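Chain and residue survey
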Amino acid sequence: MLTGKIRNQVDQVWEMFWTGGVANPISVIEQISYLLFIRRLDELQRTAELKAKTIGEPLINPTFAADEQELRWSYFKDKDPDAMLDIVQNKVFPKIKTLQSQGSFAEHMKDAIFMIPSAKLLDQVVQLLNGIDMSDKDTKGDLYEYLLSKLQQSGVNGQFRTPRNIISMMVELMQPKINDTICDPASGTCGFLMASVDYVNQHHAKELSQAKNRQHFNSTMFSGFDFDRHMLRIGAMNMLLHGIENPTVHYRDSLQDHGSDNISEAYSLILANPPFKGSVDFDIVADDLLRALGKNPKAAKTKKSDTDDEGGKVKGPTEKSELLFLALILRMLKAGGRTAVIVPDGVLFGSTKSHLAIRKQIIDKQKLEAVISLPSGVFKPYAGVSTAILIFTKTNSGGTDWVWFYDMLADGYSLDDKRTPLFKEGETPTHEQSNIADIIRRFAYLSESPNPELLRKRTEQSFMVPLSDIVAQNYDLSLNRYKETVYAEVQYDAPKVILQRIKVLQEKMAEGIAELEDLL
């Protein structure tokens, strides 16, 4: 667990980066990630050296050769700050940019830039990291999570994280299994994957002791993709520090057409909060994703080359990224695979051809299980958009009969820009403070027979809606379409009684004024 002392040290280092001219929080985390990676390389080589010495064999392919010992963390960490800066900046950093074969994080190092501005700051960061016991998986994971929380506070470039309490809730709802293959096609800092790692560690510890399962856990169970190389480096390091030895976190524009390399039917569980502010040009989107939205790719892309009266190119058609990501998730899931994905409310009731097509795909051809409406302040202060979680299973043969709706009103934090915790750490929140425990409990009822949620009225916080009602409402999935509001009856006095009370008040006022006049 991260102590208050370490938090204070991190805060001090963060401030020094800021005053030293490195103001972008992503850059700060990257620089710290590089140093963590350099330390890890040294620790891996020390372990390999001990093993080689024990069995009496030479060390094969060491990261640091005999003439590179000064590049190791254990060597330069005690050097004078100026000497340390010279070694790290001019020798260690160029070295690690060439280590493409050292795993997922090293893969993203090739275009990394060393930005620590002073010897003093480098020495402070090195001493901070050196004081943390890296054999304690929880502590180093907590350290990185604390660093990532700075992203949420800063919100630079709109790259803020999905709230960790919402991520944890979604993972709890989906209950990852030991044989799952889990993917986030817009992974960012790999928050969904990390929460899944923690869940599997906690609930499947016995199965993980088997070599086959441990191999799957460390190399093939978790996959993340993103097209922001900064976030890829941060996400890969996040996975490494949480104990995934060879994380699969790769550069990929998930919506782009990769031809025969398009990922199809590869994962059994997808957890995602894909970007939903932008539109994507038809020209770069995979054809099958457009077809899933009811579009004709060839016809649409032909329009891209059209010119206006002055010979300029006419702007080509675009499609909303949130709809394309839903089509992508359908393609990436195996048959029988499940997903929990955050979407803006517009996806639930939008009336365009694309909106309707993707909702029909999910409702008619797959098994839609739940729509959880999130409070509109969940993503504040950086976005106030209303969102919901869709949970469905890919069947390719339908299966939607009833859909569970839940109106989430509280998530444990204030819903204003401050997002202040509503309860203290270690306390159990009340239902008014957080609905998360109630959502997880009620969602579990859906697999029971008989399902007690079927008995709830539409005036309650959760309720079930039959497929026929949803079809009758043109596949509208907004909660308010089905929720019934009960208005409390208010009894008012008769007008004559109210007028009489007013007269009495006026007489008292007149008496008061008269008394004041007598005093003058």
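Residues numbered from 1 in each chain as written. Predicted model: local features only at pLDDT ≥ 70, side-chain atom pairs only at ≥ 80, totals over all residues. Heavy atoms only, no water.

1. Looking at the pattern of salt bridges
Inspection of the entire model under this criterion finds 21 salt bridges. In this structure, the salt-bridge partner of Arg338 is Asp180, at a minimum N-O distance of 2.9 Å. One end of the pair, Arg338, is in strand E7 (residues 333-344); the other, Asp180, is in the loop between helix H8 (164-174) and strand E1 (182-184), and 158 residues separate them in sequence. According to the relative accessible area criterion, Arg338 is buried, its value standing at 17%. Here Arg501 ties to Asp493 by a salt bridge, and the two come within 2.8 Å at their closest N and O atoms. Residue classification places Asp493 among the partly exposed positions, given a relative accessible area of 42%. It is possible to trace a salt-bridge network through shared partners that takes in Asp42, Glu49 and Arg72. (Salt bridge = Lys/Arg side-chain N within 4 Å of Asp/Glu carboxyl O. Helix = DSSP H or I, 4+ residues; strand = E, 2+ residues; numbered from the N terminus. Buried < 20%, exposed > 50% of the residue type's maximum accessible area, 1.4 Å probe, protein only.)

2. Looking at the domain arrangement of the protein
Along its sequence, the protein is carved into domain 1 (4-157), domain 2 (182-305 + 318-481) and domain 3 (490-519). Computed over C-alpha atoms only, the centres of domain 1 and domain 2 are separated by 34 Å. (Domains from an automatic or database assignment.)

3. Examining a negative patch on the surface
On the surface, Glu507, Glu511, Glu515, Glu517 and Asp518 cluster together into a patch of negative charge. Tracing the backbone shows Glu517 in helix H20 (residues 495-519). (Patch = residues over 30% accessible without salt bridge, like charges linked within 9 Å, V, L, I, M, F, W, Y side chains within 5 Å. Areas by Shrake-Rupley, 256 points an atom, 1.4 Å probe, with all protein chains shown as cover. Lys, Arg positive; Asp, Glu negative; His and termini not counted. Charge placed at Lys NZ, Arg CZ, Asp CG, Glu CD.)

4. Considerations on H8
With nine of its 11 residues buried, H8 lies for the most part within the structure. Along H8, the positions that sit buried rather than exposed are Arg164, Asn165, Ile166, Ile167, Met169, Met170, Val171, Leu173 and Met174. At the C-terminal side of H8, Gln175 shows a positive phi close to 45°.

5. With respect to the state of the cysteines
Two cysteines joined by a covalent bond between their sulfur atoms form a disulfide. In total, this model carries zero disulfides according to the counting rule given. No disulfide involves Cys190; its sulfur sits 10 Å from that of Cys183, the nearest cysteine. By relative accessible area, which is 0% here, Cys190 ends up buried. (Disulfide = S-S within 2.5 Å.)

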